[in-house]
Amino acid sequence: MAHSEPRTPDGHGVTVLPLGADSERLLRRGDHALCGVSTGNSYFSRRHLADTLAWAIEHFAAVDVVHADVALEAMLEALGYAPLAARRSAAKQLSGVRRRIGGALEDIGAAAERVRTRPLSAFLDQPGYQAVRARTRAALRTDPELRAAQDALAYQFLAKRLAPGAHPTSAQMRAALAYVDAELPFFIDTPRILGVDSSVQCYHTVPSLGRLLFGERRTGLRPAGNQGYAIVTCRD
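Everything in this summary refers to the structure shown in the same document. This structure is a prediction, so every number in the text was calculated from the model and none was measured. (Residues numbered from 1 in each chain as written. Predicted model: local features only at pLDDT ≥ 70, side-chain atom pairs only at ≥ 80, totals over all residues. Heavy atoms only, no water.)

## Brief notes about the side chain of aspartate 69
For aspartate 69, the location among the structural elements is in the loop between β3 (62–67) and α3 (72–78). Although buried, aspartate 69 forms no salt bridge, and the nearest oppositely charged side chain, arginine 98, lies 6.3 Å from it. Within the structure, the side chain of aspartate 69 is placed 2.6 Å from the side chain of serine 121, a separation counted as a polar contact. Setting aside residues up to four positions removed in sequence, aspartate 69 forms contacts with Leu94, Pro119, Leu120 and Ser121. (Helix = DSSP H or I, 4+ residues; strand = E, 2+ residues; numbered from the N terminus. Buried < 20%, exposed > 50% of the residue type's maximum accessible area, 1.4 Å probe, protein only. Lys, Arg positive; Asp, Glu negative; His and termini not counted. Salt bridge = Lys/Arg side-chain N within 4 Å of Asp/Glu carboxyl O. Polar contact = N/O pair within 3.5 Å; in protein donor to acceptor, adjacent residues only side chain to side chain. Contact = heavy atoms within 4.5 Å.)

Pasting the structure below:
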């Protein structure tokens, strides 16, 4: 996969690696950054969030934070939680994510007024999101390479939550795939979903699905020309 050289840490201790020439161009353009936040991921501390968002505010005209909440209860039930326990655990995890995001925005100060924060579920009924999701679902039905990358991401998501050597059940895979299915449109066309001229998705790693989509793929589903991806990591 073609990519630029990592940029050295800036004043916020942030290192940035855009994936491919298009992402490098869109990063320089600086229209919009989408910062995804995963629930239950210890990387997203208040300090890491504050450093990432402070960097994004400096480099982009607009910044959105989207935290994952789709299929969380179903995932917990598939992992063995009773329904009530799953509901309570999901609520606790989401409350913790929102608290850390809110704390990071407080740490940034007045500039944080430019940052919009929403859960992933807030987009499910929006026409732009639904249009992009229809495209991704159609592609998954006919594109075995894309489907394999989606399955690999779901499996990777589950592997962190299962005992060593354990294999996911069909219920666990269904829940994980629902999670990935909800996120996939933001890899493909965030500008259409959010109504921005261009966008760079910013995350601290790149999953196999991202490597496929932002690599040298010549056939099958590809991100929009104004959709980029950058690995944005904070100094520990």
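The structure having been displayed, the exposition proceeds.
## What to know about the packing of helix α5 (residues 127–142) against helix α7 (residues 170–188)
Two elements in contact, α5 and α7, have axes separated by 9 Å at closest approach and are oriented at 105°. Judged on the interaxial angle alone, α7 and α5 are roughly perpendicular. Judged by residue contacts, Tyr129, Val132, Arg133, Arg135, Thr136, Arg137 and Leu140 of α5 engage Asp181, Ala182, Leu184, Pro185, Phe186 and Ile188 from α7. Its residues assigned to classes, the contact of α5 with α7 shows 8 nonpolar, 1 polar and 4 charged. (Axes fitted to C-alpha atoms, helices over the stretch in contact; angles between N-to-C directions. Parallel < 35°, antiparallel > 145°, perpendicular 65-115°, else oblique. Nonpolar A, V, L, I, M, F, W, Y, C, P; charged D, E, K, R; others polar.)

## Points about the sheet that holds strand β4 (residues 115–119)
On the basis of which strands lie adjacent, the open sheet formed by 6 strands has the order β1-β6-β5-β2-β3-β4 and mixed pairing. Both outer strands of the open sheet, β1 (14–18) and β4, are each paired with one neighbouring strand and no more. The mean angle between the axes of side-by-side strands here comes to 25°, regardless of whether they run parallel or antiparallel. Both strand β5 (residues 199–203) and strand β6 (residues 227–234) contribute to a ladder of 5 bridges, which runs parallel. Directly across from glutamine 201, in β6, lies its bridge partner tyrosine 229. Strand contacts of helix α1 (residues 20–29): β1, β5 and β6, with the helix running at about 130° to β1, the strand carrying the most contacts. The sheet contacts of helix α4 (residues 83–108) involve β2 (32–37), β3 and β4, and relative to β3 the element is tilted by about 160°. (Pairing = 2+ DSSP bridges.)

## What about the pattern of salt bridges?
Under the definition given, this model contains 13 salt bridges. The salt bridge partner of arginine 29 is aspartate 31, with a shortest N-O separation of 2.5 Å. Classification of arginine 29 by relative accessible area gives partly exposed; the value is 45%. Taking relative accessible area as the criterion, aspartate 31 reaches 21% and is therefore assigned partly exposed. With a closest N to O distance of 2.5 Å, arginine 217 and aspartate 143 form a salt bridge. Here arginine 217 is found in the loop between α9 (208–213) and β6, whereas its partner aspartate 143 is found in the loop between α5 and α6 (144–159), with 74 residues between them in sequence. Assigned by exposure class, arginine 217 and aspartate 143 land together as buried. Each of Arg46, Glu106 and Asp107 takes part in salt bridges that share partners, so that together they form one network.

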